[in-house]
Amino acid sequence: MNTRAESAAEPPEGDPTGSSDAPDRRFDGPWLAALAATVVAWTLLYAVDWAFLTPETPIGATVGFAHGYLLAPLATATLLLDALSLAERRVVDLGLFKWIYALVALPAPPVALLYYAHREWLVPGDADLLGGP
């Protein structure tokens with residue numbers, strides 16, 4: 001196990017020539033699908049919490065904790081990882097906007113819809129964006 005970050009110039013362990021078929025990307029993953037699932041779960045829990053529960057009850061506190069302290073940061077992290085993955089693949093770099101979306105997503109994860117619209121606006125019609133890495 002190695003605790004330091006590998007540089008792009010160093011070959012991966014086990015491959016002394018440095019020739020590999022796929023580039024080593026740090027941010028690959030199904031981030032858009034994870035973001036969509038997290039935002040849907042957050043929205044459902046928030047709606048149930050707002051409409052039916054009171055914070056004084058154990059179930060109300062549990063649901064409030066789940067959407068406020070578990071799902072909202074998870075949505076923020078997946079939004080950032082998706083933006084970093086796009087930049088790493090040299091598809092599009094959102095620059096400062098990714099951090100603005102992330103800060104707004106902490107209290108309100110449905111801002112991911114605006115992030116997705118911005119992402120599609122920058123690179124319209126690219127089917128590979130939805131297919132993952």
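Residues numbered from 1 in each chain as written. Predicted model: local features only at pLDDT ≥ 70, side-chain atom pairs only at ≥ 80, totals over all residues. Heavy atoms only, no water.

Another point: the overall build of the protein. In terms of helices and strands, the protein carries 4 helices and 0 strands. Taken over 133 residues, the protein has a buried fraction of 30%. Contacts spanning at least 24 positions in sequence make up 63% of the contacts within the protein whose residues lie at least 6 apart. Accessible area for the protein stands at about 8,800 Å²; split by element, carbon and sulfur atoms hold 68% of it. (Helix = DSSP H or I, 4+ residues; strand = E, 2+ residues; numbered from the N terminus. Buried < 20%, exposed > 50% of the residue type's maximum accessible area, 1.4 Å probe, protein only. Contact = heavy atoms within 4.5 Å. Areas by Shrake-Rupley, 256 points an atom, 1.4 Å probe, with all protein chains shown as cover.)

Here we come to a nonpolar patch on the surface. On the surface, a cluster of nonpolar side chains totalling about 500 Å² of accessible area is made up of L96, F97, W99, I100 and V104. Within the fold, V104 resides in helix α3 (residues 96–105). With a relative accessible area of 38%, V104 lands in the partly exposed category. (Patch = residues over 30% accessible without salt bridge, like charges linked within 9 Å, V, L, I, M, F, W, Y side chains within 5 Å. Salt bridge = Lys/Arg side-chain N within 4 Å of Asp/Glu carboxyl O.)

Here we come to the nonpolar core. L35, V39, L79, Y101, A112 and Y115 are the most contacted members of the largest nonpolar core, which totals 15 residues. Listed by contribution, the elements that provide at least two residues to this core are α1 (31–52), α2 (58–88), α3 and α4 (112–122). At 4 residues, the largest contribution of residues to this core is made by α2. Residue contacts for L35: discarding those within four places in its chain leaves A75, T78, L79, A112 and Y115. (Core = buried A, V, L, I, M, F, W, Y, C linked by side-chain atoms within 4.5 Å.)

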